[in-house]
Structures are given as structure tokens and as C-alpha cells.
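Below are the chains, spelled out letter by letter.
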Amino acid sequence: MLVLDGMAERWGSVDESLNADLDDIDAHYGNDCVLVALDGDLVVGTGILLLRASEGEIVRMSVHRDYRRRHFATQLLAELIHVASEYGLNRIVVETNAKWKEARNLYEASGFKFTHSAPGAFGRESFFEFLI
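Here is what the cut-offs are and how they apply
- Residues numbered from 1 in each chain as written.
- Predicted model: local features only at pLDDT ≥ 70, side-chain atom pairs only at ≥ 80, totals over all residues.
- Heavy atoms only, no water.
- Helix = DSSP H or I, 4+ residues; strand = E, 2+ residues; numbered from the N terminus.
- Buried < 20%, exposed > 50% of the residue type's maximum accessible area, 1.4 Å probe, protein only.
- Polar contact = N/O pair within 3.5 Å; in protein donor to acceptor, adjacent residues only side chain to side chain.
- Contact = heavy atoms within 4.5 Å.
- Patch = residues over 30% accessible without salt bridge, like charges linked within 9 Å, V, L, I, M, F, W, Y side chains within 5 Å.
- Areas by Shrake-Rupley, 256 points an atom, 1.4 Å probe, with all protein chains shown as cover.
- Salt bridge = Lys/Arg side-chain N within 4 Å of Asp/Glu carboxyl O.
- Pairing = 2+ DSSP bridges.
- Core = buried A, V, L, I, M, F, W, Y, C linked by side-chain atoms within 4.5 Å.

S.K.: Could you give an account of the side chain of aspartate 32, naming the residues involved and the relevant values?
M.R.: Structurally, aspartate 32 can be placed in the loop between helix H2 (25-29) and strand E1 (33-39). We classify aspartate 32 as buried; its relative accessible area is 18%. Within the structure, aspartate 32 has its side chain in polar contact with the backbone nitrogen of leucine 51 (distance 2.8 Å). Apart from residues lying up to four places away in sequence, aspartate 32 is in contact with Ile48, Leu49, Leu50, Leu51 and Arg52.

S.K.: Pulling in residues and values, what's your account of a nonpolar patch on the surface?
M.R.: The grouping of Val34, Val36, Leu38 and Val43 at the surface amounts to a nonpolar patch, some 300 Å² of accessible area in total. The biggest single contributor to the nonpolar patch is E1, with 3 residues. Checked against the element boundaries, valine 36 lands in strand E1. Residue classification places valine 36 among the partly exposed residues on the basis of a relative accessible area of 47%.

S.K.: So what about the pairing of strand E6 (residues 123-131)? Which residues, and what values?
M.R.: As paired elements, strand E4 (residues 91-97) and E6 share 7 bridges and run antiparallel to each other. Bridged to isoleucine 92 within E6 is phenylalanine 130. One ladder, built from 7 bridges, connects strand E5 (residues 113-120) with E6; its direction is antiparallel. Bridged to serine 117 within E6 is serine 126.

S.K.: Could you give me a rundown of the nonpolar core, with the residues and numbers involved?
M.R.: Membership of the largest hydrophobic core comes to 26 residues, with the highest contact counts inside it found for Leu49, Ile58, Leu77, Ile92, Tyr107 and Phe112. Among the elements of the structure, E1, strand E2 (42-51), strand E3 (55-63), helix H3 (72-86), E4, helix H4 (101-109) and E6 are those that each provide at least two residues to this core. Excluding residues within four positions of it along the chain, leucine 77 makes contact with Ile58, Met61, Leu106, Tyr107, Ser110 and Phe112.

Written out as C-alpha cells, the structure reads:
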């Protein structure tokens with residue numbers, strides 16, 4: 001799976017028990033917005049917008065390494081922002097590992113503002129918000 005492959009690439013291995021939400025995406029994210037980027041029949045990117053009363057949260061953003069720097073992540077993120085706007089959300093939040101410079105740069109280039117960092121289960125986490 002794309003998300004787990006990306007995590008293994010970053011961390012060297014993945015504990016699948018920590019990613020049970022990916023076993024049944026429809027059951028876990030059925031009331032949220034799940035987007036995929038395709039190249040033909042190949043899934044090359046994904047992003048999920050958790051829909052809350054007035055706020056959304058982006059999770060599971062990932063682009064296949066052979067498709068990075070080709071604007072797939074930027075397009076997915078722009079569409080997630082559009083969906084949030086259509087749902088009338090006021091704010092979108094996202095967190096990423098502080099060491100993942102490419103992810104931090106993507107969010108900032110797309111208009112997200114850094115809000116804070118905090119310790120996380122896998123190192124320091126960076127938090128961002130986008131006001132709609």
C-alpha cells in the first residue's frame with residue numbers, strides 16, 4: 001500500500017498494527033473525504049480530509065516516490081482545501097514529522113502556517129493550519 005511504502009521508506013520499517021485504519025479505509029474514513037491521484041490505473045498519491053463540525057484535518061498524505069516533484073501532492077492538497085471550503089469548514093490542520101522538510105515545505109508553499117511543534121510518538125512533530 002502506498003502510505004505504508006512511504007512510511008517504510010522514511011523509517012526503514014513499519015509496524016502495521018499502528019496503521020489499522022488502512023485495513024478498511026471505507027469503514028474508517030467513510031464519512032470523510034478520501035482522494036487518490038492516479039496515473040492510469042496506478043494509485044500514485046493519496047490524502048484524506050477528516051471532516052469535523054468547523055475544522056478539517058489532513059491525514060495520510062503520501063505520493064509514490066517515483067511521482068514526487070511532479071505536482072501530485074500540490075494538486076491533492078489544493079483539492080482537499082477546495083473540499084473543505086465546499087463543506088463550509090473554517091480551518092484545516094495537519095501535522096507531520098519535523099524532520100520531513102519536503103512535507104513542511106509543501107504545506108507552507110500551499111498557504112499553511114506553522115503553529116507549533118511538540119514531541120510525538122516518532123520524534124518531534126510540526127503542526128500547521130490553513131484558515132479558510
